[in-house]
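# Summary of structural features
Here is what each chain is made of, one letter per residue.
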Amino acid sequence: MALAAHALHAGWPDGPEVLRGVDLTVAPGEVVALLGENGAGKSTLMHALAGLLAPRAGGVVLDGRPLADLPAADRARRIGFLPQEVHPEFAFTAAETVALGARVAGHGGWLDGPDAPAVRAAVERALAATDALHLADRPLGELSGGERRRVLVASVLAQEPRHLLLDEPGAMLDLPHRVALHRRFRALADAGLGVLFVGHDPTLAARFADRLVLLHEGRVLVDGPPAEVLRPRWLDAVLDDAYLLTDGPDGLPVVVPRR
Amino acid sequence: MRKPTPRATVGLAALLCLAAVFVAPFVGSEPVAPLRAWSDLLTLPRAAWSPDAAILGLRLPRILLALLSGAGLAVAGAVMQSLLRNPLASPYTLGAATAASLGAFAGVVLGAGAVARPGPALVLAVLDVVLVLAVARRSRRPDGLVLAGVTLNFAFGAGVLLLRHLARPTDLAAMERWLLGSLEAVDAGPSLALLPWLAVGFTLLARRVGDLDQLAFHPALAEARGVAADAVRREGLLAAGLLTAAVVAQAGPIGFVGLLVPHVVRPGTGLRHAWLLPGCALAGGGFLVLADAVARSLDWFGRTSDLPVGVVTALLGGPAFLALLLRRSS
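Owing to the predicted nature of the structure, the values given are computational and were not obtained by experimental measurement.

## So, the overall build of chain B
Looking only at helices and strands, chain B has 14 helices and zero strands in total. From first element to last, N terminus to C terminus, chain B shows the α and β order α-α-α-α-α-α-α-α-α-α-α-α-α-α. Relative to the 2.2 N^0.38 estimate, which gives 20 Å for 330 residues, the radius of gyration of chain B is 20 Å and therefore close to what a compact globule would have. The principal-axis extent of the C-alpha atoms belonging to chain B is close to 65 × 55 × 35 Å. For chain B, buried positions account for 54% of its 330 residues. Intrachain contacts of chain B at a sequence separation of at least 6 include 76% that bridge at least 24 residues. Split by element, the accessible area of chain B, about 14,400 Å² in all, is 71% carbon and sulfur. For chain B, the centre of its 27 positive side-chain charges and the centre of its 17 negative side-chain charges are spaced 9 Å apart.

Below is the structure:
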């Protein structure tokens, strides 16, 4: 029941090859954090895992079947994907945004808005999960960056997928909301979902992910439990000399910026 | 003030449309007694009609053509704006209307009658959409679509100028009038010629309303949600091009309906196309019927011929659109 990339080579159309043989598995019940420097190929990998970018070699497999063989509608019911940047052009409210996700899970049809009986409960549940219920009637364009991000995460949660792929879900969120969001990922994984998120904070990722995956120049540098991955041997390649490593009060490694 | 529901907005658009259709026949340079005209029209043979009924009989085909043309242009504009996620997209900004004009012009110069005119208009409008998409895809700029549209608009416009230069003097007057956008129709012929194209366009779009909702929000998210983005974009723009070409071939390039009407309707219906598109069809049809009534009713500087409706839509639509822009940015 896992989502997996096998010896995956991929890149954007007409562009150079970004991923050069990536192996990665996200199993149900797991939270996996994908870390790496800018341009390492994290977003490319997320798009390929979401089925939006065809592999040039190797492949992506969902529940033992090649992802490409799965009808798009089935794929959407199983994998929820949040791209790194989403800027709607029109004045969608937060509730309308989440209703678009809820529709994938079968809550409501073309005519139904977020207030329709079939949709309302699903929309409110998803918004509450990211502490965004009070924003329901606000247009997305009027929200702060962090608030908008929480609404977008809610819209993907509303799809009720089996696997969550989130590209920098915590970007622009304040610390309490970032921690709350990652606790939510933990709870979703405990309920049986597979969660893969891209992040830039190894310290935070170490506290909420079962595994950290370091991507470097289109390849997986290391894939393992946080205590094994957050070591100078691996971090030097990704973080250069910009960090210090120490132990946190909870016994897990802490990455501190170096002056 | 509470936000209107989509249902109420579409209902209101339907009422306005209905009111426009009932009021418009009795607006014009000649006064008409409504009851007398309708009762004659419905009960007597044409030879026995009173002058009132005769005038009504002349105005009805025009109103029908306005209704259908407005509906087609407004829906085409709404779909273009949603698919390109650009509030400035319309049959004009993308060049489709000018391309269709060139096609219809070419038909006139080559001696094609009114029946054959939509043919070349359709070919060129679809060609325009295909070119816009191809150029935008290669340029990879977010504004590539509109830039390509504006460029092609100029190119097709130059073609129109060239044909005007080459046209016979006898054709020139008719072409000139048609180019301003005119709904002059002596019978139901133009409307009947328009109807099958509208039916095809609307049917294509009706199958895709759910996908249009997702695409209008965000293309990558839509694709992740199972929408075949490329296919829907192709089909939707083809349908919009078809609606544009069909209307332009019959009524000329009438401006601002496709740009303005979606902006007026969208705040009420929201971005759900199952409401937005019918709302635009009704409001667009009603708006053009009213604009044409205005064009007919005023004695423009003592001239005997009616003002082309394209002038009225531009005079009403231009300032209205600017006002909308200013209100939104404030």
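Having put the structure on the table, let's press on.
## Considerations on the packing of helix 4 (residues 96-109) of chain B against helix 7 (residues 169-179) of chain B
All names here are of chain B. Two elements in contact, helix 4 and helix 7, have axes whose closest approach is 11 Å; the angle formed by their N-to-C orientations is 160 degrees. By the criterion of interaxial angle, the relationship of helix 4 to helix 7 is roughly antiparallel. Of the two possible hands of crossing, helix 4 and helix 7 adopt the one that is right-handed. Only Asp171, Met175, Trp178 and Leu179 of helix 7 make contact with helix 4, whose side of the interface consists of Ser101, Ala104, Phe105, Val108 and Val109. Of the residues that constitute the contact of helix 4 with helix 7, the class distribution is seven nonpolar, one polar and one charged.

## Concerning the state of the cysteines
All names here are of chain B. Scanning the model with the defined rule gives zero disulfides over all chains in all. Counting only cysteine sulfurs, Cys280 is the nearest neighbor of Cys17, a cysteine outside any disulfide, at a range of 12 Å. Exposure remark for Cys17: the relative accessible area of 9% places this residue in the buried category.

## Digging into unusual backbone geometry
Positive phi, normally seen in glycine, also occurs at Asp131 of chain A, with a value near 55 degrees. Here Asp131 of chain A falls in the partly exposed class, since its relative accessible area comes to 43%.

## A closer look at the interface of chain A and chain B
In this assembly, 33 residues from chain A lie in contact with 28 residues from chain B. Note that Asp213 of chain B and Arg103 of chain A form a salt bridge whose closest N and O atoms lie 2.8 Å from each other. Linking chain A to chain B there are nine residue pairs in polar contact (both at pLDDT 80 or more). Looking at the side of chain A that touches chain B, the elements with two or more residues in it are helix 2 (72-78), strand 6 (79-82), helix 3 (94-104) and helix 5 (145-157) of chain A.

Scoring rules and cut-offs
Residues numbered from 1 in each chain as written. Chains lettered and ligands numbered in written order. Predicted model: local features only at pLDDT ≥ 70, side-chain atom pairs only at ≥ 80, totals over all residues. Heavy atoms only, no water. Helix = DSSP H or I, 4+ residues; strand = E, 2+ residues; numbered from the N terminus. Rg over C-alpha atoms; globule rule 2.2 N^0.38 Å. Buried < 20%, exposed > 50% of the residue type's maximum accessible area, 1.4 Å probe, protein only. Contact = heavy atoms within 4.5 Å. Areas by Shrake-Rupley, 256 points an atom, 1.4 Å probe, with all protein chains shown as cover. Lys, Arg positive; Asp, Glu negative; His and termini not counted. Charge placed at Lys NZ, Arg CZ, Asp CG, Glu CD. Axes fitted to C-alpha atoms, helices over the stretch in contact; angles between N-to-C directions. Parallel < 35°, antiparallel > 145°, perpendicular 65-115°, else oblique. Left-handed = near helix turned anticlockwise from the far one by under 90°. Nonpolar A, V, L, I, M, F, W, Y, C, P; charged D, E, K, R; others polar. Disulfide = S-S within 2.5 Å. Salt bridge = Lys/Arg side-chain N within 4 Å of Asp/Glu carboxyl O. Polar contact = N/O pair within 3.5 Å; in protein donor to acceptor, adjacent residues only side chain to side chain.

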